[in-house]
Amino acid sequence: MKKDQFLKNTKKMRAIGLKQYGSLDGFAPIELALPEPQKGEVRVRVHASAINPAEYKVALGKLKFVHARNFPMILGYDFSGIIEELGEASEWKIGDAVFGFLPYAPSNNRGAFAEALIAKTNEIALKPTGVSHFQAAAAATPALTSLQAIRDVGKLPHSGGRVLVTGISGGVGSTAIGVILKLGAVPVGVGSGRGIELAKKLGASKVIDRQHQNIFKSSDGNFDVIFDAAAAYSWSQWKGLLCQGGKYVTTLPSVPLFVDKLKSLFSSTM
């Protein structure tokens with residue numbers, strides 16, 4: 001009997017569960033009941049799932065608020081696979097190849113490190129035919145984070161604008177370069193080591209080596225958006241390089257960020 005037939009007949013699935021917070025050694029194979037989709041949901045047979053910093057931070061107990069606190073905990077937010085079961089009122093079809101991500105919230109009690117998962121219909125999109133499941137799973141959170149940061153939060157004002165990105169060797173930072181180009185803007189990167197050549201290959205018009213250059217003096221400024229994907233700096237450090245109305249966007253809130261936010265209320269540059 002084929003594996004899929006066995007799982008369908010037994011209504012069971014395998015997953016990787018975390019026994020407790022505090023160690024990355026606490027993962028172990030487990031068996032669970034195959035979940036059934038409800039109204040507005042689908043069940044996806046997982047072909048690939050991705051690992052982001054959120055997974056290991058949750059496992060270490062540092063981001064407990066982005067996942068349900070039930071053990072064994074099934075982590076994994078980003079996935080790609082095939083729809084195998086539909087809930088009521090679903091506009092999708094069985095057999096559709098989809099990718100997406102699960103919510104970074106306590107409502108997520110079963111993640112993508114499993115043979116199947118339940119996703120809401122607004123949490124998935126059709127996987128492009130020229131993209132593998134591995135590529136699609138790896139793109140979900142980084143690509144959407146970049147798009148939201150630059151287009152929605154940063155409000156990139158026009159085609160031809162300039163965007164500076166930090167952390168260009170990371171998943172979000174490297175993906176942001178492609179997003180910037182797709183939006184018709186000019187990307188400038190900040191990074192070091194292997195990230196420099198990577199950013200150039202991806203299309204960055206200029207790359208500042210943060211280990212050997214003064215990043216605040218090596219750029220000619222006048223950026224419409226500064227996207228601190230590495231969350232390594234602050235608005236007060238970059239404000240002199242923003243154009244009038246330019247925006248600083250970071251991926252990780254902090255106390256200094258809120259202080260800077262208050263300062264920005266009294267500044268002509270937002």
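Structure: above.
Residues numbered from 1 in each chain as written. Predicted model: local features only at pLDDT ≥ 70, side-chain atom pairs only at ≥ 80, totals over all residues. Heavy atoms only, no water.

### Focus: the overall build of the protein
Stage number 1. The secondary structure content of the protein amounts to seven helices and 12 strands.
Stage number 2. Of all intrachain contacts in the protein linking residues separated by at least 6 positions in sequence, the fraction that spans at least 24 positions is 63%.
Stage number 3. Here the protein displays about 13,900 Å² of accessible surface, and carbon together with sulfur accounts for 56% of that area.
Stage number 4. Seen as two clouds, the 32 positive and the 21 negative side-chain charges of the protein have centres 4 Å apart. (Helix = DSSP H or I, 4+ residues; strand = E, 2+ residues; numbered from the N terminus. Contact = heavy atoms within 4.5 Å. Areas by Shrake-Rupley, 256 points an atom, 1.4 Å probe, with all protein chains shown as cover. Lys, Arg positive; Asp, Glu negative; His and termini not counted. Charge placed at Lys NZ, Arg CZ, Asp CG, Glu CD.)

### Quick notes on the nonpolar core
Stage number 1. Counting residues in hydrophobic clusters, the biggest one holds 19 residues, and the most contacted among them are Ile150, Val163, Val165 and Phe227.
Stage number 2. Counting residues per element, this core draws most heavily on helix H4 (residues 171-182), at four residues.
Stage number 3. The contacts of Val163, once residues within four sequence positions are left out, are Ile150, Leu156, Ile180, Ala185, Val186, Pro187, Val188, Phe223 and Val225. (Core = buried A, V, L, I, M, F, W, Y, C linked by side-chain atoms within 4.5 Å. Buried < 20%, exposed > 50% of the residue type's maximum accessible area, 1.4 Å probe, protein only.)

### Here's the deal with a nonpolar patch on the surface
Stage number 1. On the surface, Leu24, Tyr56 and Leu60 cluster together into a nonpolar patch covering about 260 Å² of accessible area.
Stage number 2. We classify Leu60 as partly exposed; its relative accessible area is 32%. (Patch = residues over 30% accessible without salt bridge, like charges linked within 9 Å, V, L, I, M, F, W, Y side chains within 5 Å. Salt bridge = Lys/Arg side-chain N within 4 Å of Asp/Glu carboxyl O.)

### A closer look at the pairing of strand E3 (residues 41-50)
Stage number 1. Of all 10 residues in E3, eight are buried; the element is thus mostly enclosed.
Stage number 2. Across five bridges, E3 lies against strand E6 (residues 116-120) in antiparallel orientation. Across the sheet, the residue bridging to Val42 is Ala119, located in E6. (Pairing = 2+ DSSP bridges.)

### What about the side chain of Arg43?
Stage number 1. Note on placement: Arg43 falls in strand E3.
Stage number 2. You can call Arg43 buried: its relative accessible area is 4%.
Stage number 3. Separated by 2.7 Å, the side chains of Arg43 and Glu84 make a polar contact.
Stage number 4. The residues touching Arg43, leaving out its near neighbours within four places in the chain, are Leu34, Pro35, Glu36, Pro37, Ile82, Ile83, Glu84, Glu85, Ala116, Leu117 and Ile118. (Polar contact = N/O pair within 3.5 Å; in protein donor to acceptor, adjacent residues only side chain to side chain.)

### Side note on the sheet that holds strand E7 (residues 124-126)
Stage number 1. Overall, antiparallel pairing links the five strands, which are arranged E6-E3-E4-E5-E7 in an open sheet. At either margin of the open sheet sits one strand with a lone partner, and together these are E6 and E7. Between one strand and the next, the sheet's axes are offset by a mean angle of 45°, whatever the strand orientation.
Stage number 2. Packed onto the sheet, helix H3 (residues 133-153) meets E3, strand E4 (78-86) and strand E5 (97-101) and runs at close to 110° relative to E4. (Axes fitted to C-alpha atoms, helices over the stretch in contact; angles between N-to-C directions.)

### Describing the pattern of salt bridges
Stage number 1. In this structure the tally under the stated criterion is 10 salt bridges.
Stage number 2. Its salt-bridge partner being Glu84, residue Arg43 comes within 2.7 Å of it at the nearest N-O pair. With Arg43 in strand E3 and Glu84 in strand E4, this residue pair connects regions lying 41 residues apart in the sequence.
Stage number 3. Accessibility expressed as a relative area gives 21% for Glu84, which makes it partly exposed.
Stage number 4. Put simply, Glu84 and Arg45 hold a salt bridge, and the shortest N to O gap is 3.0 Å. Of this pair, Glu84 sits in strand E4 while Arg45 is found in strand E3, placing the two residues 39 residues apart along the sequence.
Stage number 5. Through salt bridges with shared partners, one network takes in Lys11, Glu36, Arg43, Arg45, Glu84 and Glu85.

### Concerning the side chain of His67
Stage number 1. Counting through the fold element by element, His67 comes out in the loop between helix H2 (53-59) and E4.
Stage number 2. A relative accessible area of 1% means that His67 is categorised as buried.
Stage number 3. Here the side chain of His67 touches Asn108 through a polar contact of 3.2 Å, landing on its backbone oxygen.

### Overview of unusual backbone geometry
Stage number 1. Cis geometry is adopted by the peptide bond preceding Pro72, which originates at Phe71 and carries an omega value of 0°.
Stage number 2. Tracing the backbone shows Pro72 in the loop between H2 and E4.
Stage number 3. One non-glycine residue with positive phi stands out, namely Lys155, at about 50°.
Stage number 4. As for its placement among the helices and strands, Lys155 is situated in the loop between H3 and strand E8 (162-166).
Stage number 5. Here Ala231, not a glycine, exhibits a phi torsion of approximately 50°, which is positive.
Stage number 6. Within the fold, Ala231 resides in the loop between strand E11 (223-228) and helix H6 (235-238).

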